Amino acid sequence: MHSYDAAVDRVADKMVAYATDRIRMDPPLDGFRSPEELLADAGQTITARGLGGDEALRIFTDILAPATISQDSPRNLSFVPSGPTPAAVLFDLVVSASCVCPESWQEGSGVIFAENQALRWLADLAGLPESAGGVFVSGGSAGNLSGLVAARETAMRARDAAGLGRPARWSLVTSYEAHSSVKLAARVMDVEVITVPGDERGRLTGAALRTLFADGVPDGVFAISTTAGTTNVGVVDDLAGVAAVCQEHGIWMHVDAAYGGAALAAPSVRAIFDGIEHADSLVIDPHKWLFSPYDCAALIYRNPQLAKQVHTQKAAYLDVLQANDEWNPSDYAYHLTRRARGLPFWFSLATHGTQAYSNAVETTLATAHRAAELVDAHPDLQLCMTPELSVVVFRRNGWTLKNYEAWSIDVLARNIAYVVPTVHEGQPALRFCIVNPTTSVSHIRAILATL
Ligand SMILES: *Cc1c(COP(=O)(O)O)cnc(C)c1O
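So, a few notes on the structure that sits alongside this text. Every chain begins its residue count from 1, and numbering advances along the sequence as written. Under the rules for a predicted model, residues below a pLDDT of 70 receive no local features and side-chain atom pairs below 80 are neither given nor counted, while totals for whole chains, interfaces and linings still include all residues. Excluding hydrogens and water, the side-chain figures rest on all heavy atoms present in the structure.

Some points on the overall build of the chain
Piece 1. For the chain, the count of helices and strands is 16 helices and 11 strands.
Piece 2. Each of the three principal axes of the chain carries a C-alpha extent, and together these read 65 × 65 × 45 Å.
Piece 3. Entry remark: accessible area of the chain is about 20,100 Å², with carbon and sulfur atoms responsible for 56%.
Piece 4. One finds the centroid of the 34 positive side-chain charges in the chain at a distance of 3 Å from the centroid of its 49 negative side-chain charges. Counting from the N terminus, the helices are DSSP H or I runs at least four residues long and the strands are E runs at least two residues long. Only the protein chains shown count as cover for residues, and the accessible areas themselves come from Shrake-Rupley with a 1.4 Å probe. The charge count includes Lys and Arg as positive and Asp and Glu as negative, but it does not include His or the ends of the chains. All charge positions are set by atom: Lys at NZ, Arg at CZ, Asp at CG, Glu at CD.

This is how it looks when you write it as structure tokens:
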């Protein structure tokens, strides 16, 4: 099983051909099927004697892959899709073949050097100081949890040092529009969430925090978690206003820019992120809008030492890794073993240069704004708000949630698009999230023509 024999070699050629074909083609939208249908076609695939590589690959290519939606289809505008560059996807194959584990400098210095340069580009876009640094984790969810754990630990140590003891309950402050993973992180950490009403666009503002803190900051508040690009509508919180309040009260500012952070590279919208340079922790997912394959999320701290105090794992068998003062990526998040998930992003960034990234993000922003204009001009559609970033939310006159759901299933079945309904201000709506530069205005027109 471990020797690279003729049978493996034959299947290898087929796999490489499949992979390169998939990278070259206009990605198929595909769809989903029921477990019964899949069982009928694929059968029991785990057997004592094995199916052989040809048969296992056939089952994947003929049955499983077509039952799995492609996130990089230009007609997939659901949730937050993806638009990885061929360079990044190809390099992901190299990463897989390399079998490296960049958890520690000793094991992964070359890889970590490259990952850190890619992280530095993001830190510079945000205006974070030279001291900033972090690690690539699996996603925004893992990044938010790890960042907020570092915030709580920092607050705990400050209280301990001041002889204040522990609060009755720790709490974090955020907005209604914050991502579900922030609320999940709070549940995992057993901390309370204080939810602040947003302004007319749903943004968390410095003014709302001042109202909340009018009689002093509630005991136990360890972080304010802002969102720089809400998932549902793509709105950026009042980061400068929040930062001022955080600084006044010595509270950790977390910025969840999992979706929106890519737009830091776009000069046309950079100003709406002003204040992000004050972040104590920042999450940006290159697997969302920076053209990287799954999975890849950047977690960056203003002062990485603070994260290291809580995230470093200590054990007799790990002591050797802490012997020198070297950069161990495993020290900055809740993980140990890790894939070199920043490398495909690094390779594409190194290949194409940062200007190409700025241009590609601007392309998606322009497509989103054109889509909003087309919605606005459509006799049966109502635009819910002018997009700040690349999310377009709108309603079809007279439609209920049932109509939206039926339309969504129908356009997927007809291989036109993958667009799912959401809820905006209590009412069902449709939502385009445009992060793929290959999504064109003609794709948008074709979708709108079915409404
Ligand atoms: C997608 C998203 C997350 C979660 O990121 P994953 O990579 O899916 O774990 C967190 N915050 C925001 C704002 C997001 O859009």
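Once the structure has been displayed, the description carries forward.
Let's talk about helix H4 (residues 86–98)
Note on helix geometry: an α-helix contains 3.6 residues per turn, so any two residues three or four positions apart are oriented the same way.
Piece 1. The terminal C-alpha atoms of H4 lie 19 Å apart, and with 13 residues this matches the ideal 18 Å at 1.5 Å per residue to within 8%.
Piece 2. Every buried residue belonging to H4 is among Ala-87, Ala-88, Phe-91, Asp-92 and Val-95, and all of these are buried. Down the axis of H4, the buried side of the element spans an arc of 140°, and every buried residue falls inside it. Here the expected span of a helix is defined as 1.5 Å times the quantity of residues minus one. Only protein chains enter the accessibility calculation, which uses a 1.4 Å probe; a residue whose area is less than 20% of its type maximum is buried, one above 50% is exposed, and one in between is partly exposed. The arc refers to the directions leading from the helix axis to the C-beta atoms.

So, the sheet that holds strand E7 (residues 297–301)
Sheets are built from strands that pair by backbone hydrogen bonding, the pairs being arranged parallel or antiparallel.
Piece 1. Strand order in the open sheet formed by 7 strands is E1-E7-E6-E5-E4-E2-E3, with mixed pairing between adjacent strands. Looking along the sheet, the strands with just one partner apiece sit at the ends: strand E1 (133–137) and strand E3 (192–196). Averaged over all pairs of adjacent strands, the angle between their axes in this sheet comes to 20°, without regard to strand direction.
Piece 2. In this sheet, E3 lies alongside strand E2 (residues 171–175) in parallel orientation, the contact comprising 5 bridges. Across the sheet, Ser-171 pairs through a bridge with Glu-192, a residue of E3.
Piece 3. We call two residues in contact when some of their heavy atoms are within 4.5 Å. Think of each axis as a best-fit line through the C-alpha atoms, taken over the contacting stretch in the case of a helix, with angles from 0 to 180 degrees between the N-to-C directions. Of the strands in this sheet, E2, E3, strand E4 (221–227) and strand E5 (252–256) touch helix H7 (residues 180–189), which is tilted by about 170° from E2.
Piece 4. Taken strand by strand, helix H9 (residues 239–249) contacts E4 and E5, and its axis lies near 155° from that of E5. A pair of strands counts as paired when DSSP detects no fewer than two bridges linking them.

Side note on the pairing of strand E10 (residues 421–424)
Piece 1. Only one face of E10 is covered, namely the face carrying Thr-422 and His-424; the face carrying Pro-421 and Val-423 is uncovered.
Piece 2. In this sheet, strand E11 (residues 427–433) lies alongside E10 in antiparallel orientation, the contact comprising 4 bridges. Bridging across to E11, Thr-422 finds its partner in Ala-429.
Piece 3. Joining the antiparallel neighbours E10 and E11 is a turn of 2 residues, in which Glu-425 adopts a positive phi near 45°.

What about the packing of helix H6 (residues 140–161) against helix H11 (residues 304–311)?
Piece 1. Relative to each other, H6 and H11 sit at 90°, their axes nearing to 9 Å. Taken together, the axes of H6 and H11 are roughly perpendicular relative to one another. Contact residues: Ser-146, Val-149, Ala-150, Glu-153, Thr-154 and Arg-157 in H6; Leu-306, Ala-307, Gln-309, Val-310 and His-311 in H11.
Piece 2. Each residue is assigned to one of three groups, with Ala, Val, Leu, Ile, Met, Phe, Trp, Tyr, Cys and Pro labelled nonpolar, Asp, Glu, Lys and Arg labelled charged, and all others, Gly among them, labelled polar. For the contact of H6 with H11, a count of residues per class yields 5 nonpolar, 4 polar and 2 charged. To sort the angles, those under 35 degrees are grouped as roughly parallel, those over 145 as roughly antiparallel, those from 65 to 115 as roughly perpendicular, and the leftovers as oblique.

So, the environment of His-352
Piece 1. With respect to the element layout, His-352 can be found in helix H13 (residues 343–352).
Piece 2. Looking at His-352, the relative accessible area reads 43%, which means it is partly exposed.
Piece 3. For the pair His-352 and Thr-85, spaced 267 residues apart in sequence, the C-alpha separation works out to 9.8 Å.

Re the site of the ligand
Piece 1. Neighbouring the ligand are 14 residues, the closest being Ser-141, Thr-231, Asp-256, Asp-285 and Lys-288.
Piece 2. For the ligand, an oxygen atom lies 2.8 Å from a polar atom in the backbone of Gly-140.
Piece 3. Against a free-state accessible area of 380 Å², the protein chains account for coverage of 85% of the ligand.
Piece 4. Those elements that place two or more of their residues in the shell around the ligand are H6 and helix H10 (286–289). Note on definitions. A residue lies near a molecule or strand when any single heavy atom of the residue is within 4 Å of it. Distance and chemistry together define a polar contact, namely a pair of N or O atoms within 3.5 Å, with one atom able to donate a hydrogen and the other to accept it when in protein, and with adjacent residues in sequence counting only for side-chain atoms on both sides.

Quick look at the packing of aromatic side chains
Piece 1. Two rings from Phe, Tyr or Trp (for Trp, the six-membered ring) form a pair when their centres sit within 6.5 Å of each other. Planes less than 30 degrees apart are called stacked, planes more than 60 degrees apart edge-to-face, and all others tilted. Counted according to the given criterion, the structure contains 15 aromatic pairs.
Piece 2. On the basis of an interplanar angle of 70° and a centroid distance of 6.0 Å, the ring pair of Phe-91 and Trp-346 is categorised as edge-to-face. Taken together, the residues Phe-91 in helix H4 and Trp-346 in helix H13 connect sequence positions 255 residues apart.
Piece 3. What makes Phe-91 buried here is its relative accessible area of 16%.
Piece 4. Here Phe-91 and Phe-347 contribute two aromatic rings whose centre-to-centre distance is 4.3 Å and whose plane-to-plane angle is 5°, an arrangement assigned as stacked. With a gap of 256 residues between them, Phe-91 in helix H4 and Phe-347 in helix H13 connect regions that are remote in the sequence.
Piece 5. Relative accessible area serves as the criterion here: at 28%, Phe-347 is assigned to the partly exposed category.

So, the side chain of His-424
Piece 1. Summarising the element assignment, His-424 is placed in strand E10.
Piece 2. If sequence neighbours within four positions are ignored, His-424 has contacts with Val-233, Cys-384, Met-385, Val-393, Arg-395 and Ala-429.

A few points about the nonpolar core
Piece 1. By size, the foremost hydrophobic cluster in this structure holds 64 residues, and its most contacted members are Trp-289 and Phe-345.
Piece 2. No other element matches helix H5 (residues 105–126), which puts 7 residues into this core.
Piece 3. Once you skip the residues sitting within four places of it in the chain, Phe-345 turns out to touch Ala-118, Trp-121, Leu-122, Phe-136, Pro-286, Leu-290, Ser-292, Cys-296 and Tyr-357.
Piece 4. The set of buried Ala, Val, Leu, Ile, Met, Phe, Trp, Tyr and Cys residues whose side-chain atoms join them within 4.5 Å is what this entry labels a nonpolar core. Ranked by size, the runner-up nonpolar core spans 26 residues in total, among them Trp-170, Ala-185, Val-283 and Ala-297.

A short note on the pairing of E1
Piece 1. Most of E1 is tucked away, with 5 of its 5 residues classed as buried.
Piece 2. In terms of strand pairing, E1 meets E7 through 5 bridges, oriented antiparallel. Directly across from Gly-133, in E7, lies its bridge partner Tyr-301.

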